[in-house]
Structures are given as C-alpha cells and as structure tokens.
There are 2 protein chains.
Amino acid sequence: MKWNNLQSEACPVARGLSVIGDRWTLLVLRDCFMGVRRFEQMQERLGITRHVLADRLRKLEAAGVLRRELYQRHPPRHEYRLTDRGKAFYPVLVTLIDWANTHVPPPGAPSVTLVSRETRDPISPMLVDAKTGAQITHRTVRAVPTE
Amino acid sequence: MKWNNLQSEACPVARGLSVIGDRWTLLVLRDCFMGVRRFEQMQERLGITRHVLADRLRKLEAAGVLRRELYQRHPPRHEYRLTDRGKAFYPVLVTLIDWANTHVPPPGAPSVTLVSRETRDPISPMLVDAKTGAQITHRTVRAVPTE
C-alpha cells in the first residue's frame with residue numbers, strides 16, 4: 001500500500017490518515033483550534049522549518065481542512081482558518097487529548113485540561129451513539145464493510 | 001521540538017503522537033481492533049516490510065498499548081493483543097473513522113460503517129461530556145493548561 005494511494009482506500013482510517021496522518025499536521029491542527037492563524041506564530045510554537053510547515057499547510061488547504069485568508073493587503077499577508085471540515089475534526093483531537101492525559105501522563109510537566117468554555121468546569125469526554133446515547137467502546141461497536 | 005522529546009511535552013496531543021503519531025502505527029491498531037493478532041496477518045493486510053511492522057509493534061509494546069503473548073510453544077509463536085491502555089484508544093479511531101466517512105469520502109470504493117455489535121444497527125458517534133451529556137465541539141470546549 002502506497003501512502004499516496006491511501007485516499008482511495010476503502011478503509012476510512014487509511015483515508016483519514018491520508019489527510020492528517022502526520023504528526024506535524026496534527027500539531028498544526030491543534031494550534032489552529034487554539035486560535036493560532038499565522039505562519040510565523042505556528043513556526044515559532046512548533047519549532048519546525050518554514051519548508052515543512054508550508055508543506056503541511058498547503059496539504060491541509062488542498063484537502064479543504066484549512067482555508068487561507070488575506071488579512072493584510074500591503075504587503076499581502078494570509079492567515080489560516082479551519083473550514084467546517086476542519087472544525088469537524090475536533091472530536092478526534094479531543095479523544096486523543098483525553099487518551100494521552102490518562103495513558104501517557106507527562107513526567108512532572110504541566111498538562112492540559114479540557115474545560116467548558118461556558119462554565120470553565122473540566123469536562124470528561126465520552127463517545128456515545130447519537131441515537132441511543134449508549135457509550136461507544138470496542139465491546140459495543142465494530143466497523144463493518146458497507147454493503 | 002524533537003520527536004523523541006515529545007513524550008515529555010506538556011501538550012497531550014504531542015504526547016499522544018509520541019506513541020501513535022505514525023500512520024502505520026494507527027493502521028496496526030486498526031487491525032488489532034479488528035481482531036488481527038498475528039504478525040504475518042498484519043504484514044499481509046498492510047503490505048509493509050517485516051522490518052517496519054516489527055518496529056511499530058515493538059514501540060506499541062514498549063508503550064504498553066499492545067502485549068505480546070505466546071500462543072504456540074514449539075516453535076515459539078507470539079500474537080499481539082491490546083492492553084487496557086490500547087483498548088482505551090478506541091474512541092480516537094472511531095472519531096477518525098466518522099470524520100473520514102463524512103469528510104474524506106472514498107471515490108466509489110466500498111467504505112466501512114460503524115455498527116452496534118448487539119443490534120447491528122449503524123451508530124453515529126457523538127462526543128459528549130460524561131457529566132452533563134452536553135455535546136463537545138470546538139465552540140463549547142477548549143484545552144487550557146492545568147494549574
């Protein structure tokens with residue numbers, strides 16, 4: 001299996017990874033959800049080369065996950081914003097955050113908590129079926145090929 | 001930021017990626033959740049080199065996500081099983097599957113549906129706060145540094 005073939009893969013995990021299956025890409029998305037929109041900020045926060053960051057941003061734009069917007073005309077300056085497709089990715093980041101907080105605890109370092117924007121209370125993510133409200137675990141749900 | 005420093009990162013996204021932030025690793029975990037336990041099966045399904053697969057399995061075992069079990073003594077043969085830490089990763093895969101099914105549709109190829117093991121009904125994953133039941137979106141939740 002070639003990575004550039006992944007998008008035509010029947011498996012949605014593989015297809016999803018064809019868009020975001022790169023560690024820098026996920027960290028770029030993390031920053032986008034934290035309101036970081038500008039190339040220089042991202043580069044400073046992530047400590048990666050301009051080349052790598054530009055490449056990941058270009059791919060995310062091509063995949064319709066980010067869109068580039070002009071925020072200054074002279075000289076022209078762009079910022080990157082999440083599209084609806086990008087915003088819809090949030091649950092993947094949240095479940096990853098929750099898993100890492102529980103199962104890959106930082107060695108002493110300060111960590112990150114998920115809180116309600118409204119009440120500031122910490123929230124604990126749970127994945128449920130929208131129809132029944134039943135919790136989704138590997139014991140209750142499985143992925144089957146669509147007929 | 002060096003990838004081998006990621007695990008000591010305060011950011012849980014970065015820490016999570018230090019364990020599973022690799023496309024092959026996620027596809028290996030996908031197979032584990034589908035009940036694939038043996039090296040040869042995984043290699044055949046994924047079409048990767050023994051070297052790469054062995055490396056990813058070793059890392060997942062070292063991270064406590066998979067455990068290796070002897071299933072045959074003469075000659076010794078091992079299979080790979082998800083630990084509790086590995087099983088707890090399921091919501092990340094499910095949210096990725098759901099995102100990809102909606103936002104990275106396969107070009108004509110058959111896809112995968114999430115169904116209830118009990119009723120076989122398709123389920124649609126929704127991420128909620130376990131306490132309040134309120135849906136988690138980028139508008140309602142944010143990640144803040146823990147004091």
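Residues numbered from 1 in each chain as written. Chains lettered and ligands numbered in written order. Predicted model: local features only at pLDDT ≥ 70, side-chain atom pairs only at ≥ 80, totals over all residues. Heavy atoms only, no water.

Explain the interface of chain B and chain A to me, please; I cannot follow it from the model alone.
You'll often see interface size given as the accessible area lost when the parts meet. The interface is formed by 77 residues belonging to chain B together with 77 residues belonging to chain A. Our count for the chain B to chain A interface comes out at zero salt bridges. The tally of links from chain B across to chain A stands at 31 residue pairs in polar contact (both at pLDDT 80 or more). Within the residue set of the side of chain B that touches chain A, elements represented by two or more residues are helix H1 (12-20), helix H2 (23-33), helix H5 (84-87), helix H6 (90-103), strand S3 (112-116), strand S4 (125-129) and strand S5 (141-145) of chain B. Sorting elements by how many residues they give to the side of chain B that touches chain A places H6(B) first, with twelve residues. (Contact = heavy atoms within 4.5 Å. Salt bridge = Lys/Arg side-chain N within 4 Å of Asp/Glu carboxyl O. Polar contact = N/O pair within 3.5 Å; in protein donor to acceptor, adjacent residues only side chain to side chain. Helix = DSSP H or I, 4+ residues; strand = E, 2+ residues; numbered from the N terminus.)

I'm lost on the layout of surface pockets in this one. Help?
One simple way to see leftover space: roll a probe sized like a water molecule over the atoms. Here the largest pocket defines a volume of roughly 510 Å³. Forming the boundary of the largest pocket are 28 residues, of which Cys32(B), Phe33(B), Met34(B), Gly35(B) and Arg117(B) lie nearest the centre. Of all elements in the fold, only strand S5 (141-145) of chain A together with H2, strand S2 (77-82) and H6 of chain B reach the threshold of two or more residues within the lining of the largest pocket. At four residues, the largest contribution of residues to the lining of the largest pocket is made by S5(A). Along the lines of polarity and charge, the residues of the lining of the largest pocket split into 17 nonpolar, three polar and eight charged. (1 Å grid on protein atoms, 1.4 Å probe; cavity = no way out; pocket = protein on both sides within 12 Å on 5 of 7 lines; lining within 4 Å. Points joined across faces, edges and corners; volume = space filled by probe spheres on them. Nonpolar A, V, L, I, M, F, W, Y, C, P; charged D, E, K, R; others polar.)

Please clarify how unusual backbone geometry should be interpreted in this entry.
Leave glycine aside and you will find that most residues have negative phi; peptide bonds, for their part, are mostly trans. Residue and element names in this part refer to chain A. Here the bond from His74 into Pro75 is cis, since omega is -5°, no more than 30 degrees from zero. Considering the arrangement of structural elements, one finds Pro75 in the loop between strand S1 (66-72) and strand S2 (77-82). Of note, the phi angle at Arg120 is positive, near 70°, even though the residue is not glycine. Note that Arg120 resides in the loop between strand S3 (112-116) and strand S4 (125-129).

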